[in-house]
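# Survey of secondary and tertiary structure
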Amino acid sequence: MAAADLGQISHVIQLSVAPVFLLTGIAGLLGVTATRLARIVDRARAVESELRSASLQRSAQIHEELKRLTRRARLINRAITLCVVAALLVCAVIVGLFITAYYEWLPDLTRVVAAVFALALGSLIVGLLFFLREVYLATASLRFGVIDAQAPPS
C-alpha cells in the first residue's frame, strides 16, 4: 500500500468520525424510545386486563386510557422509524465517503453525500419531534395527587 493511499484512508477515517459519533447518539436515542414503547405496551396490557372486571364507568375511563396509549405508541413508533432511517442514512454517508476515496473512476459524489447527510439530519429532527410530542402526551395525562374514587385506600 502506498503512503499516499494510507494518507487518503486516514483522511477518510477522520471525515467519518463525526458521523460515527452521530450514530452513537442515535443508538442511545433508539434505546430510550424502545424502552418507552415497551412501557406503553406493558401499561396497555395491564389496563386491558383490568377491563374485564371493570364497571361501566370505569370501562369508559379504561377505553380513554387505551386510546391515549395507542396514540402514544403510534408517535413513538414513528420516532423509532425516523431515527432508524436517520441511522441508515448516516451509514450510507460513511459508505459514500469511503467509496469516493477508493474509486476514482466514479463521478464526484460530494453533493450526493451532503444531500444524504442532510436527509439523515432531517429524519432525525422529525423523529425527535415525534418523540417530544409523545413525551408531552404522556405528561399531559399524569394525575398526581388525584384520588380515584373506585380504588381502595392503600
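What counts and how
Residues numbered from 1 in each chain as written. Predicted model: local features only at pLDDT ≥ 70, side-chain atom pairs only at ≥ 80, totals over all residues. Heavy atoms only, no water. Helix = DSSP H or I, 4+ residues; strand = E, 2+ residues; numbered from the N terminus. Buried < 20%, exposed > 50% of the residue type's maximum accessible area, 1.4 Å probe, protein only. Contact = heavy atoms within 4.5 Å. Areas by Shrake-Rupley, 256 points an atom, 1.4 Å probe, with all protein chains shown as cover. Patch = residues over 30% accessible without salt bridge, like charges linked within 9 Å, V, L, I, M, F, W, Y side chains within 5 Å. Salt bridge = Lys/Arg side-chain N within 4 Å of Asp/Glu carboxyl O. Lys, Arg positive; Asp, Glu negative; His and termini not counted. Charge placed at Lys NZ, Arg CZ, Asp CG, Glu CD. 1 Å grid on protein atoms, 1.4 Å probe; cavity = no way out; pocket = protein on both sides within 12 Å on 5 of 7 lines; lining within 4 Å. Points joined across faces, edges and corners; volume = space filled by probe spheres on them. Nonpolar A, V, L, I, M, F, W, Y, C, P; charged D, E, K, R; others polar. Axes fitted to C-alpha atoms, helices over the stretch in contact; angles between N-to-C directions. Parallel < 35°, antiparallel > 145°, perpendicular 65-115°, else oblique. Left-handed = near helix turned anticlockwise from the far one by under 90°. pLDDT = per-residue confidence, 0-100.

A separate point is the overall build of the chain. If you tally the helices and strands in the chain, you get three helices and zero strands. Residues counted as buried form 26% of the 154 residues belonging to the chain. When contacts within the chain are restricted to residue pairs at least 6 apart in sequence, long-range pairs at least 24 apart make up 81% of them. Of the roughly 10300 Å² of accessible surface on the chain, a fraction of 66% belongs to carbon and sulfur atoms.

Bringing the environment of I40 into the picture now. Residue placement: I40 occurs in helix α1 (residues 3-51). Spatially, the C-alpha atoms of I40 and I76 are 9.4 Å apart, while their sequence positions differ by 36 residues. Aside from chain neighbours lying at most four places away, what touches I40 is L69, R72, A73, I76 and E134.

On the surface, R71, R74, R78 and R133 cluster together into a positively charged patch. Residue contributions to the positive patch peak at three residues, all from helix α2 (residues 56-102). Residue classification places R74 among the exposed positions, given a relative accessible area of 52%.

When its volume is computed, the largest pocket comes out at roughly 610 Å³. Along its surface, the largest pocket is lined by 16 residues, and R43, E65, R72, S141 and L142 are the ones closest to its centre. Where the lining of the largest pocket is concerned, the elements lending two or more residues are α1 and α2. Ranked by residues supplied to the lining of the largest pocket, first place goes to α2 with six residues. Class assignment for the residues of the lining of the largest pocket results in five nonpolar, two polar and nine charged.

Before going further, it helps to spend a moment on a nonpolar patch on the surface. A cluster of nonpolar side chains, namely V95, I99, Y102, Y103 and W105, defines an oily patch on the protein surface of about 560 Å² accessible area. Of note, W105 is situated in the loop between α2 and α3 (110-140).

This brings us to the side chain of E134. In this fold, E134 is placed in helix α3. Setting aside residues up to four positions removed in sequence, E134 forms contacts with R36, I40, R72, L75 and I76.

The next thing to look at is the packing of α2 against α3. Helix-helix packing is described using two parameters, namely the angle between the two axes and the distance between the axes. It is at 8 Å that the axes of α2 and α3 come closest, and there the two elements cross at 160°. Taken together, the axes of α2 and α3 are roughly antiparallel relative to one another. Considering the relative orientation of α2 and α3, their crossing is left-handed. In the contact of α2 with α3, the residues fall into 23 nonpolar, three polar and six charged.

A few words on the confidence of the model for the chain. In the predicted model, the chain carries a mean pLDDT of 87, and the fraction of residues at 70 or more is 90%. Mean pLDDT across the elements of the chain ranges from a minimum in α1, with 86, to a maximum in α3, with 95.

A few words on the pattern of salt bridges. Under the definition given, this model contains five salt bridges. Two residues, R72 and E134, come together in a salt bridge whose shortest N-O distance is 2.7 Å. Placement of the pair is R72 in helix α2 and E134 in helix α3, with a sequence separation of 62 residues. Per residue, the accessibility class of R72 equals that of E134, and both read buried. Because the salt bridges share partners, they merge into one network encompassing R36, R72 and E134.

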